[in-house]
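Summary of the model geometry
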Amino acid sequence: MKPLVSIVIQSYNSKRYIEKCMTGVLHQDYANVETLLIINGSTDGSLEFIKNHYGKLKKVHILEPGENLFFSRGNNYGIEHSAGKYILGLNQDTVMEPKFVSQLVAALEEDASLGSVSGKLLHYDFNIYSKTKILDSTGLEMFKTRRVIDRGQWELDKGQYDKDTEIFGASGAAAMYRRSALEETKIPKKSGGYEYFDEDFGAYKEDVDLSWRLQIYGYRCRYIPGAVLYHGRTIGRSWPTQVINFVINRMRQSRQIRKLSFKNHYLMMVKNEIPRLFWRQFLYILGREILLLIYTVLFEQFQVYAIGDFFKQLPEAKRKRQLIMPHAKADSQRLRKIFH
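Let me begin by describing the structure that accompanies this report. (Residues numbered from 1 in each chain as written. Predicted model: local features only at pLDDT ≥ 70, side-chain atom pairs only at ≥ 80, totals over all residues. Heavy atoms only, no water.)

1. A closer look at the overall build of the protein chain
When you go through the protein chain residue by residue, the secondary structure sums to twelve helices and 14 strands. Its C-alpha atoms give the protein chain a radius of gyration of 19 Å, within 12% of the compact-globule value 20 Å for 340 residues. C-alpha atoms of the protein chain, sized along the principal axes, occupy 55 × 45 × 40 Å. Looking at the 340 residues of the protein chain, the share that counts as buried comes to 53%. Pairs at least 24 residues apart make up 79% of the contacts formed inside the protein chain by residues separated by at least 6 positions. Taken as a whole, the protein chain presents about 15600 Å² of accessible surface, with 57% of it coming from carbon and sulfur. The average position of the 50 basic charges and that of the 37 acidic charges among the side chains of the protein chain differ by 3 Å. (Helix = DSSP H or I, 4+ residues; strand = E, 2+ residues; numbered from the N terminus. Rg over C-alpha atoms; globule rule 2.2 N^0.38 Å. Buried < 20%, exposed > 50% of the residue type's maximum accessible area, 1.4 Å probe, protein only. Contact = heavy atoms within 4.5 Å. Areas by Shrake-Rupley, 256 points an atom, 1.4 Å probe, with all protein chains shown as cover. Lys, Arg positive; Asp, Glu negative; His and termini not counted. Charge placed at Lys NZ, Arg CZ, Asp CG, Glu CD.)

2. Notes on the packing of aromatic side chains
Inspection of every chain in the model, using the stated rule, returns 16 aromatic pairs. Consider the rings of Tyr177 and Phe197, whose centres lie 6.0 Å apart with planes at 85°: the pair is edge-to-face. Of the two residues, Tyr177 sits in strand S11 (residues 174–178) while Phe197 sits in the loop between strand S13 (194–195) and helix H6 (206–216), which places them 20 residues apart along the sequence. Note on accessibility: Tyr177 and Phe197 belong to one class, buried. Ring centres of Trp212 and Phe339 lie 5.8 Å apart, and the angle between their planes is 70°; this geometry places the pair in the edge-to-face category. (Phe/Tyr/Trp six-rings, centres within 6.5 Å; stacked < 30°, edge-to-face > 60°.)

3. Considerations on a nonpolar patch on the surface
Taken together, the side chains of Leu283, Leu286, Ile290, Leu291, Ile294, Leu298 and Phe299 define a hydrophobic patch exposed on the protein surface, amounting to about 700 Å² of accessible area. By secondary structure assignment, the location of Leu291 is in helix H10 (residues 282–299). You can call Leu291 exposed: its relative accessible area is 59%. (Patch = residues over 30% accessible without salt bridge, like charges linked within 9 Å, V, L, I, M, F, W, Y side chains within 5 Å. Salt bridge = Lys/Arg side-chain N within 4 Å of Asp/Glu carboxyl O.)

4. Observations concerning the pairing of strand S7 (residues 130–137)
By the bridge criterion, four bridges tie strand S6 (residues 114–125) to S7 in an arrangement that is antiparallel. The partner of Asp125 across the bridge, within S7, is Ser130. Counting the residues that bridge the hairpin from S6 to S7 gives four residues, and of these Tyr129 lies at a positive phi of roughly 50°. (Pairing = 2+ DSSP bridges.)

5. Regarding the packing of helix H1 (residues 18–26) against helix H2 (residues 46–54)
Closest axis-to-axis distance for the H1/H2 pair is 11 Å, and the angle between their directions is 30°. Taken as axis vectors, H1 and H2 run roughly parallel relative to one another. As for how H1 packs across H2, the hand of that crossing is right-handed. Where H1 approaches H2, its residues Ile18, Glu19, Met22 and Leu26 are matched on the opposing element by Phe49, Ile50 and Tyr54. Of the residues belonging to the contact of H1 with H2, the class tally is six nonpolar, no polar and one charged. (Axes fitted to C-alpha atoms, helices over the stretch in contact; angles between N-to-C directions. Parallel < 35°, antiparallel > 145°, perpendicular 65-115°, else oblique. Left-handed = near helix turned anticlockwise from the far one by under 90°. Nonpolar A, V, L, I, M, F, W, Y, C, P; charged D, E, K, R; others polar.)

6. Focus on the environment of Ser332
Within the secondary structure, Ser332 sits in helix H12 (residues 332–338). Owing to a relative accessible area of 16%, Ser332 belongs among the buried residues under this scheme. Ser332 sits 116 residues away from Ile216 along the chain, and the two C-alpha atoms are 9.0 Å apart. Filtering out sequence-adjacent residues up to four positions away, Ser332 remains in contact with Arg276 and Leu277.

Okay, structure coming up:
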């Protein structure tokens, strides 16, 4: 029998998206799937819609934690309640092609060194309910500067990312993880229990943090271009060399998003940096930090509050680092090759 896959979907005011998302789930050519729908609090009628349309399906489990857990806690909650050998974390605004799950499972089954895999994510336009040829993500890419992007985002898909290749990590919008890898890399909480995604992050860059930790523990990640999915992202990266576009793109994001992203970037570095690699690439990191400081002073002075939040969470980040580093298996030479 094929291994069980647990699909974890968090629903927050999802009525606009959830039917398309669940249609993709229910039409996979891979049969051994359970779906966990986590209700993160909604006011748009999506809870009633979900219960009416999917509540009686045998392999769909509707979970109501009674509050909005946000991305990290919500995913951890779903993983804890799941039973699959593999876990697919899926955003509510995604639409899978029928072979998405089977393609990713095949890759994980053939290569035990993989802790996670990513498919080809293209943009879905929910304004007109249409698939597009615009790329959303072909995996996370980490640079020597510690800048992280979704590889290929907003590019026209011309087949330039059709090569099966090793990548830094999988975008949290649609990442499949090996459960045993998640169990090995989970971190005990001071309050009891464990966390897979860092709950201090809340949201934003928690998928990068987990990808980095998996790499440290010696697990690799692969991009599988034959596994295709569409994602309704509205805000993403812009090229840092295009200054005006970069500023405009940042301004489109809420202050809360920018503060969380800013804080979590540094928490992630505190937890995961390997000293030998950090000092070898220090000048690249320093150069970017100088530019970010100039930008922050000019355009985002409110980040002083994010700096305050960072220092409040710093002791806990250091505690987690002390738990992570004794288990590090990846050598700095291999990591250096995937830090572009």
